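Given next are the chains, with one letter for each unit.
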Amino acid sequence: ISYFTCPSFAIVSLDNQGQYTTIHRVALREEPEVDTHSLAPSLADISLIEFDPNDRLVVWAAARSRVMPKLCKGFFTVRSGPYAGYGHGLFRVDLRNDTSSLVWSPSHAEFMTEGLHSINGIMPDKTHEHVVWVSSSSACKVWALDVRYKPAKVVVSWSLPSLCDDFGSHMAVTGIYGGGVLMGQPITSYSSNDQNADSSQTIQQ
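Just so it is clear, the model here is predicted, and its values are computed rather than measured.

Draft legend 1. Structural detail: the overall build of the protein. Assigned secondary structure in the protein consists of 3 helices and 11 strands. Counted from the first residue to the last, the protein has its helices and strands arranged as β-β-β-β-β-α-β-β-α-β-β-β-β-α. When burial is assessed residue by residue, the protein has 40% of its 205 residues classed as buried. Considering only intrachain contacts with a sequence separation of at least 6, the fraction spanning at least 24 residues in the protein is 47%. When the accessible surface of the protein is split by element, carbon and sulfur atoms take 55% of a total near 12,000 Å².

Draft legend 2. Quick peek at the sheet that holds strand β2 (residues 20-27). An order of β1-β2-β3 is seen for the 3 strands of this open sheet, with the pairing classed as antiparallel. Two strands close off the open sheet at either side, each with one partner strand: β1 (8-14) and β3 (33-38). This sheet shows a mean twist of 25 degrees between the axes of neighbouring strands, independent of strand direction. Strand direction decides the pairing type here: β2 and β3, joined by 6 bridges, are antiparallel. Across the sheet, T22 pairs through a bridge with S38, a residue of β3.

Draft legend 3. Quick look at the sheet that holds strand β8 (residues 121-124). Read across the sheet, 4 strands follow the order β8-β9-β10-β11 without closing on themselves; strand pairing throughout is antiparallel. Whereas interior strands pair on both sides, the edge strands pair on one side only; in this sheet they are β8 and β11 (153-159). Each neighbouring strand pair of the sheet contributes to a mean axis angle of 20 degrees, computed without reference to strand direction. Pairing of strand β9 (residues 131-136) with strand β10 (residues 141-146), which is carried by 6 bridges, proceeds in the antiparallel orientation. In the strand pairing of β10, V131 is matched with D146.

Draft legend 4. Representation of a nonpolar patch on the surface. Residues V156, W158 and L160 make up a contiguous nonpolar surface patch of about 240 Å² in total accessible area. Its place among the elements puts V156 in strand β11.

Draft legend 5. Expanded view of the pairing of β9. In terms of residue burial, β9 counts as a mostly covered element, since 6 of its 6 residues are buried. Residues V131, W133 and S135 line one face of β9 and the alternating positions V132, V134 and S136 line the opposite face, and both faces are buried. Judged from the 4 bridges that link them, β8 and β9 form a sheet pairing that is antiparallel. Of the residues in β9, the one forming a bridge with G121 is S135. Where β8 folds back onto β9 in an antiparallel hairpin, the turn is made up of 6 residues.

Draft legend 6. Region of the structure containing the pattern of salt bridges. Counted by the stated rule, this structure contains 4 salt bridges. The salt bridge partner of D94 is R96, with a shortest N-O separation of 3.3 Å. Between D146 and R148 there is a salt bridge, with its nearest N and O atoms 2.8 Å apart. The partly exposed category is assigned to R148, whose relative accessible area is 43%. Each of the salt bridges in this network shares a partner with another, and the network as a whole consists of D55, D94 and R96.

Cut-offs and rules
Residues numbered from 1 in each chain as written. Predicted model: local features only at pLDDT ≥ 70, side-chain atom pairs only at ≥ 80, totals over all residues. Heavy atoms only, no water. Helix = DSSP H or I, 4+ residues; strand = E, 2+ residues; numbered from the N terminus. Buried < 20%, exposed > 50% of the residue type's maximum accessible area, 1.4 Å probe, protein only. Contact = heavy atoms within 4.5 Å. Areas by Shrake-Rupley, 256 points an atom, 1.4 Å probe, with all protein chains shown as cover. Pairing = 2+ DSSP bridges. Axes fitted to C-alpha atoms, helices over the stretch in contact; angles between N-to-C directions. Patch = residues over 30% accessible without salt bridge, like charges linked within 9 Å, V, L, I, M, F, W, Y side chains within 5 Å. Salt bridge = Lys/Arg side-chain N within 4 Å of Asp/Glu carboxyl O.

What follows is the structure, given as structure tokens:
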């Protein structure tokens, strides 16, 4: 395997406390190198990660912070116990120093208490390096986020009311947050002129 290509992948695993807060980054070489990164000091749970295509030592993560608003007992009783209040926001994780920072929250975007909605799909845009797409089954929406800002700015969003069809009288196994979502982007061929035009444009809200 060429040292210059250095293909790599990352997975999330359980830590010693039984929480999904450990990321293993594997670099495929003559002898694979495995680096272990613990995010336990800052994150309580990680459900999804995607590499930043511009920096292979940074991942976008759907995660929940260790610092969450305290909710009264009645809040959970009304909302079917563990199904609500544990939603994940979008975090930027730097594997150089094992730090994380909250970039955007679907709960805040819908003017809700943090943790009510959860991200279950992440996809960095293939043509605009500062755009990340996220989806949420609980909010029934997809957003394009400009991550150059903090918090990230919403470029565009779509409502997906068909997702509500999954919520009947009996709650699904995956709860109101749903399972993971695979997001894809059509491959578009650009001429050199189109590429130059795209590079000169920026997405603004």
